[in-house]
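Overview (structure and organization)
The chain contents come next:
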Amino acid sequence: MIMDTVMMGLDKNLIGQKLEKDVYSETGILVVAAGTYISEKVYQKMESYFINNVHIKKKETKDKKYQDYTVIKSTYLKNVDVMKTVLKEISLNGTVDDEMIMDMTNSITLHSQKMGYFIDCIHDLKSADEYTYNHSINVAVYAMLIGSWMKLPEIDIQYLVLAGILHDVGKSKIPNEILNKNTRLTDEEFAIMNKHSYLVFCIVKDMENIPEDVKKAVLMHHEKLDGSGYPLRCKSKQIPKFAQILAVADVYDALTSKRVYKDKITPFETFKEMSKMGYSHFAPDVLMTFLKNIVYYYVGFKLKLNTGEIGEILYVSPLNNYQPLIKVEDKVIDLSLDKRYSILEVV
């Protein structure tokens, strides 16, 4: 889905441009109305409310917009194909072609300023059959977004992309009958599946080109703050920041993706589910940063309701991010108040 507006991080370079959507604080206060031009005073006001992102009109022409999307889509699909080669190589020889992995990392970070198009690709190209390959690229993209929103250094963001690409390659060592089983795994099969993070660590631990922070991240991305994760049952500060970021990116993509054994759920159901998992599973600063920022991307998206009607998302409150304000033809519906409506899917 290609939008006519673009979400941009708040920056002084935006002074002089017009806001295309209302800007709200975390508590739901209208800070600046749509249609306002960003002056120095308006910028300072938004900064005082800790606004991170705003929506402005894309400057490029429609042809340029689709050209950019096509470039990102081509990059995305190429990386999915390379991922297939990487996993096949690991399955056969137990080795990773580090040049391939670094090329994939660089091709994603090269386009980091066009992150909205990557999310368009993730939304448009989800496939249960391709999940194993798409998932690695998707987690790399979401990890890149979280790193950017947390204002991490560029080198850390590059390492996060690399960790996202690598985080599940250990699954190439898991038997296909377990990996592709379309019913619930037995306890014994779960135990085998849960070895994948240790297996990827074994694959990369002696690779000199892979930073130690990345190796720890892929090993520990299934650890939980309460110590109930695996493989080391680490708690809280024992879990490195990169692993904490991968954990959020991994769960979000898994829940919003169709699998051989389950259907996907909407982003809004996922916001609710991840909030319920909360801080026993995820680092508070990482989860809050992700949920606060990702919701704004969906403003303007179309969705299908349980009534069969198609609506448009007008506003997502950070305090109630799974029940957005939507518009259906001439009526505005607050899903937090009107229980007759529910979201079936984002279209």
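See the structure shown above.
Residues numbered from 1 in each chain as written. Predicted model: local features only at pLDDT ≥ 70, side-chain atom pairs only at ≥ 80, totals over all residues. Heavy atoms only, no water.

1. Details of the overall build of the protein chain
Spelled out, the test is: Note on conventions: DSSP H or I runs of at least 4 residues are helices, E runs of at least 2 residues are strands, and numbering of each starts at the N terminus. With the radius of gyration taken over C-alpha atoms, the globule rule is written as 2.2 Å times the number of residues to the power 0.38. Type-normalised accessible area, obtained with a 1.4 Å probe on protein chains alone, sets the label of each residue: buried when under 20%, exposed when over 50%, and partly exposed for intermediate values. Contact definition: two residues touch when any of their heavy atoms are within 4.5 Å. The Shrake-Rupley method, run with a 1.4 Å probe sphere, supplies the accessible areas, and residue values consider only the shown protein chains as cover. Two residue types count as positive, namely Lys and Arg, and two as negative, namely Asp and Glu; His and chain ends fall outside the count. To locate a charge, the coordinates of NZ of Lys, CZ of Arg, CG of Asp or CD of Glu are taken.
Tallying secondary structure elements over the protein chain gives 13 helices and nine strands in all. Here the C-alpha radius of gyration of the protein chain, 20 Å, is about what a compact globule of 347 residues would show, namely 20 Å. Looking at the protein chain as a whole, 50% of its 347 residues qualify as buried. Taking as baseline every contact in the protein chain between residues at least 6 positions apart, the subset at least 24 positions apart corresponds to 63%. Of the roughly 16,800 Å² that the protein chain leaves accessible, carbon and sulfur atoms contribute 51%. Here the protein chain contributes 44 positive and 46 negative side-chain charges, whose respective centroids are spaced 4 Å apart.

2. With respect to the sheet that holds strand E6 (residues 310-317)
Each strand in a sheet pairs with another by means of backbone hydrogen bonds, the pair being arranged parallel or else antiparallel. Selection rule: A strand pair is defined by DSSP finding two or more bridges across the two strands. Between N-to-C directions, angles cover 0 to 180 degrees, with each direction set by a line fitted to C-alpha atoms, over the stretch in contact for helices.
The sheet built from five strands is open, its strands ordered E8-E7-E6-E5-E9 with antiparallel pairing. With one partner strand each, in any of the chains shown, strand E8 (331-334) and strand E9 (343-346) form the two edges of the open sheet. Between one strand axis and the next, the sheet turns through 40 degrees on average, direction left out of account. Sheet topology note: the strand E7 (residues 320-328)/E8 ladder contains four bridges and is antiparallel. Paired with Leu-325 across the bridge in E8 is Asp-334. Seen against the sheet, helix H12 (residues 267-281) touches strand E5 (302-305), E6, E7 and E9 and runs at an angle of roughly 160 degrees to E7.

3. Here we look at the environment of Leu-319
Take Leu-319: it is sitting in the loop between E6 and E7. Given a relative accessible area of 62%, Leu-319 falls into the exposed group. Dropping the residues within four chain positions of it, Leu-319 is found in contact with Glu-26 and Thr-27.

4. Topic: unusual backbone geometry
Note the cis peptide between Tyr-230 and Pro-231, where omega equals 10 degrees. Tracing the chain through its elements places Pro-231 in the loop between helix H10 (212-220) and helix H11 (241-255). In the Ramachandran plot, Phe-50 falls in the positive-phi region, its phi being about 60 degrees despite a non-glycine side chain. With respect to the element layout, Phe-50 can be found in the loop between helix H1 (40-48) and strand E4 (53-57). Even without being glycine, Glu-329 reaches a positive phi, approximately 55 degrees. Its location among the elements puts Glu-329 in the loop between E7 and E8. Accessibility expressed as a relative area gives 69% for Glu-329, which makes it exposed.

5. Observations regarding the state of the cysteines
Going by this rule: Whenever a pair of cysteine sulfur atoms sits within 2.5 Å, that pair is classed as a disulfide.
Within the structure shown, the criterion is met by zero disulfides. There is no disulfide at Cys-202, and the cysteine sulfur nearest it, in Cys-234, is 15 Å away. Of the residues examined, Cys-202 reaches a relative accessible area of 29% and is grouped as partly exposed.

6. A closer look at the nonpolar core
Side chains that are nonpolar tend, in soluble globular proteins, to be buried together. The condition is simple: Here the nonpolar core consists of buried residues drawn from Ala, Val, Leu, Ile, Met, Phe, Trp, Tyr and Cys, with membership extended through side-chain atoms lying within 4.5 Å.
Among the nonpolar cores identified, the biggest contains 88 residues, and Ile-108, Leu-166, Phe-268, Phe-290, Ile-294 and Tyr-298 are the most heavily contacted of them. Per element, the largest residue contribution to this core is ten residues, and it comes from helix H5 (residues 131-149). Every residue in contact with Phe-290, bar those within four places of it in the chain, is listed here: Tyr-142, Ile-146, Trp-149, Val-248 and Tyr-252. In terms of nonpolar packing, the next biggest core, distinct from the first, is built from 13 residues, Leu-10, Val-31, Val-42 and Ile-56 among them.

7. Some details on helix H6 (residues 154-166)
Test applied: Residue count minus one, scaled by 1.5 Å, sets the expected span of a helix.
Spanning 13 residues, H6 covers 19 Å between terminal C-alpha atoms, matching the ideal 18 Å at 1.5 Å per step. Considered for burial, the residues of H6 that qualify are Ile-157, Leu-160, Val-161, Leu-162, Ala-163, Gly-164, Ile-165 and Leu-166.

8. Focus on a negative patch on the surface
Inclusion rule: Residues enter a patch when their relative accessible area is above 30% and they make no salt bridge; the linking distance is 9 Å between like charges and 5 Å between nonpolar side chains (Val, Leu, Ile, Met, Phe, Trp, Tyr). Basic side-chain nitrogens of Lys or Arg form a salt bridge, by our definition, when they fall within 4 Å of a carboxyl oxygen of Asp or Glu.
Together, Glu-89, Asp-97, Glu-99 and Asp-103 make up a region of like negative charge exposed at the surface. Classification of Asp-103 as partly exposed rests on a relative accessible area of 47%.

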